[in-house]
Amino acid sequence: MLDDLIDDSVTTEMRADLQEHLRDCEHCEVTLSTTRKTIQIYRSNEIYDMPVGLRERLHAAIMARCKKGC
Amino acid sequence: MATIQSIAGENEQHPDVALVERVRGGDVSAYDTLVRKYDRQVFRIAQHITQNREDAEDVMQDAFLKAYEKLDQFQGNSKFYTWLVRIAVNESLMRLRKRRTGRMVSIDEDVETEEGSVPRDLADWAPDPEQNYTQSELAEILRKTIQGLPPGFRVVFALRDVEGLSTEETAETLGLSVPAVKSRLLRARLQLRERLSRYFRKKAGSTGMAPTGMETEK
């Protein structure tokens, strides 16, 4: 149920019921808000950045092999 | 009119399909465009799975070269991107296996853990908790945290929540059922949430705004 709410895949009726429950249940409300935040933080922060120099080097290597027919 | 528009919409060709057709016709520069379009994503996915920079570099090269060699096998009934990601995931798992000196690694490994199925740490987080850390501290926390998940959870979270594939695309890419993807995704999310709580929870007696700096992993 929690993931359906996060992924916005619940019916309007179910959403209303869940929101009603969340108003009175701190346990679920905190779990939902912090899980949403977890996803948002991972989505908006680049943790495995590829520096420009590395990108160009790998790109050149790939295209050189492709041009030779691999 | 609406019907005509909807038929036209359904028949609309994805730009990647046109690029693939050009490559098949011998235009290598079209492949250059595809590589530049998806190289960052492939590199990120490889890093998520292998947790090793050198391996991710090798995976990126091998995945694009393999995709180029096998382009004739690309059917066009799935997106080029999900087809490419499938190759990259398989290459990443092979690299992970090599690192572990031949021990089998699959996306089913260690997924039977009960951790995260029931939230334990229910402390609320400070508002905008990531702002209590510098960009590099935050990246280190996020890397260290996701590294602790089993590969089968990491890859589902990376494809679905970081790269934005749909549940169905993630299932197709990994050869898993939709319910299996949903189950792993929920547990991955809850495990990450629980592990991040040690850094992001509201401090007792604080307004949640005071900088805390890096904490030591227990």
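Being a predicted model, the structure only gives us computed values, none of them experimental.

## Considerations on the interface of chain A and chain B
Here comes step 1: Of the residues lining the interface, 27 residues belong to chain A; the matching set on chain B comes to 37 residues.
Here comes step 2: Within the residue set of the side of chain A that touches chain B, elements represented by two or more residues are α1 (2-6), α3 (26-44) and α4 (52-67) of chain A.
Here comes step 3: By residue number, the principal contributor to the side of chain A that touches chain B is α3 of chain A, which donates 11 residues.
Here comes step 4: In the side of chain A that touches chain B, the residues fall into 14 nonpolar, 7 polar and 6 charged.

## Re the nonpolar core
Note that soluble globular proteins tend to have their nonpolar side chains buried in a common cluster.
Residue and element names in this part refer to chain B.
Here comes step 1: With 56 residues, the main nonpolar core has Val42, Ile45, Ala46, Met60, Leu84 and Ala88 as its most contacted residues.
Here comes step 2: Two domains share this core, each providing at least three of its residues, namely domain 1 (2-99) and domain 2 (106-218).
Here comes step 3: Apart from the residues lying within four places of it in its own chain, the contact partners of Ala46 are Asp55, Ala56, Val59, Met60, Ala88 and Ser92.

## Observations regarding the confidence of the model for chain B
All names here are of chain B.
Here comes step 1: The predicted model of chain B averages 84 in pLDDT, with 78% of residues at 70 or higher.
Here comes step 2: The weakest mean pLDDT in chain B belongs to helix α1 (residues 2-11) at 47; the strongest belongs to helix α4 (residues 53-69) at 96.
Here comes step 3: Contacts for the low-pLDDT stretch residues 1-8, under 50 throughout, to residues beyond four places or in other chains number 0 contacts.
Here comes step 4: Contacts of residues 208-213 to residues separated by more than four positions or lying in other chains number 6 contacts, the stretch itself having pLDDT below 50.

## What about the domain arrangement of chain B?
Residue and element names in this part refer to chain B.
Here comes step 1: Looking at the assigned domains, one finds that chain B contains domain 1 (2-99) and domain 2 (106-218).
Here comes step 2: Counting residues at the interface gives 13 residues for domain 1, matched by 15 residues for domain 2.
Here comes step 3: Looking at the side of domain 1 that touches domain 2, the elements that each hand over two or more residues are α3 (28-50) and α5 (80-99).
Here comes step 4: Here the side of domain 1 that touches domain 2 gets 6 residues from one element, more than from any other, and that element is α5.
Here comes step 5: Within the side of domain 1 that touches domain 2, the residues separate by chemical class into 6 nonpolar, 5 polar and 2 charged.

## Considering helix α6 (residues 135-147) of chain B
Here comes step 1: Taking 1.5 Å per residue, 13 residues should reach 18 Å; α6 of chain B reaches 18 Å between its end C-alpha atoms and fits that length.
Here comes step 2: When we look at burial in α6 of chain B, the residues that qualify are Ile141, Leu142, Thr145 and Ile146 of chain B. Around the axis of α6 of chain B, the buried residues are gathered within 115 degrees of arc, so they sit on the same side. Those residues of α6 of chain B that are exposed and aimed more than 90 degrees away from the buried face are Ser136 and Gln147 of chain B.
Here comes step 3: For α6 of chain B, the secondary structure elements touched by its buried residues are α3 of chain A together with α3, α7 (151-162) and α9 (178-200) of chain B.

## Description of the packing of α5 of chain B against helix α8 (residues 167-174) of chain B
Residue and element names in this part refer to chain B.
Here comes step 1: Packing of α5 against α8 leaves a shortest axis separation of 9 Å and a crossing angle of 45 degrees. With respect to α8, the axis of α5 lies oblique. Every pair of crossing elements has a handedness; the one defined by α5 and α8 is right-handed. Where α5 abuts α8, its residues Thr82, Val85, Arg86 and Val89 lie against Glu169, Glu172, Thr173 and Leu174.
Here comes step 2: In terms of residue class, the contact of α5 with α8 is built from 3 nonpolar, 2 polar and 3 charged.

## Remarks on unusual backbone geometry
All names here are of chain B.
Here comes step 1: Of note in the backbone geometry, Gln51 takes a positive phi value of approximately 60 degrees without being a glycine.
Here comes step 2: For Gln51, the position within the fold is in the loop between α3 and α4.
Here comes step 3: The partly exposed category is assigned to Gln51, around which 18 C-beta atoms lie within 10 Å.
Here comes step 4: Look at Asp128: it is not a glycine, yet its phi comes out positive at around 45 degrees.
Here comes step 5: Assignment of secondary structure puts Asp128 in the loop between α5 and α6.

## Some thoughts on the environment of Ser33 of chain A
Here comes step 1: Tracing the backbone shows Ser33 of chain A in helix α3.
Here comes step 2: Residues Ser33 of chain A and Ile6 of chain A, spaced 27 residues apart in sequence, show a C-alpha to C-alpha distance of 9.2 Å.

## Things to note about helix α2 (residues 12-24) of chain A
Here comes step 1: Over its 13 residues, α2 of chain A runs 19 Å from end to end, which matches the ideal 18 Å to within 8%, given 1.5 Å per residue.
Here comes step 2: A small share of α2 of chain A lies buried, amounting to 0 of its 13 residues.

How each quantity is defined
One numbering rule holds for all chains: residues counted from 1, following each sequence as written. Chains carry letters from A onward and ligands carry numbers from 1 onward, assigned in written order. Note on the predicted model: pLDDT of at least 70 is required for a residue's local features to be given, and 80 or more for side-chain atom pairs to be given and counted; whole-chain, interface and lining totals, by contrast, use all residues. Residues are defined as contacting one another if the C-beta atoms placed from their backbone atoms lie within 7 Å. Where helices and strands are cited, they refer to DSSP runs of H or I of at least four residues and of E of at least two residues respectively, numbered from the N terminus. Amino acids are sorted into nonpolar (Ala, Val, Leu, Ile, Met, Phe, Trp, Tyr, Cys and Pro), charged (Asp, Glu, Lys and Arg) and polar (every other residue, Gly among them). Throughout this description, the term nonpolar core refers to a group of buried Ala, Val, Leu, Ile, Met, Phe, Trp, Tyr and Cys residues whose C-beta atoms join them within 7 Å. Partly exposed residues are those whose C-beta has more than 12 but fewer than 20 other C-beta atoms within 10 Å; with 20 or more the residue is buried, with 12 or fewer it is exposed, and the C-beta atoms are placed from the backbone. Boundaries between domains were set according to an automatic or database domain assignment. A residue's pLDDT is the confidence the predictor assigns to it, expressed on a 0 to 100 scale. Multiplying one less than the number of residues by 1.5 Å gives the expected span of a helix. Taken from the helix axis, the directions to the C-beta atoms give the arc we talk about. In this analysis, axes come from line fits to C-alpha atoms, helices being fitted only over the stretch in contact, and the angle between any two N-to-C directions falls in the range 0 to 180 degrees. Roughly parallel means an angle under 35 degrees; roughly antiparallel means over 145; roughly perpendicular covers 65 to 115; every other angle is labelled oblique. Crossing chirality is assigned from the near helix's rotation relative to the far helix, an anticlockwise turn below a right angle marking it left-handed and a clockwise turn marking it right-handed.

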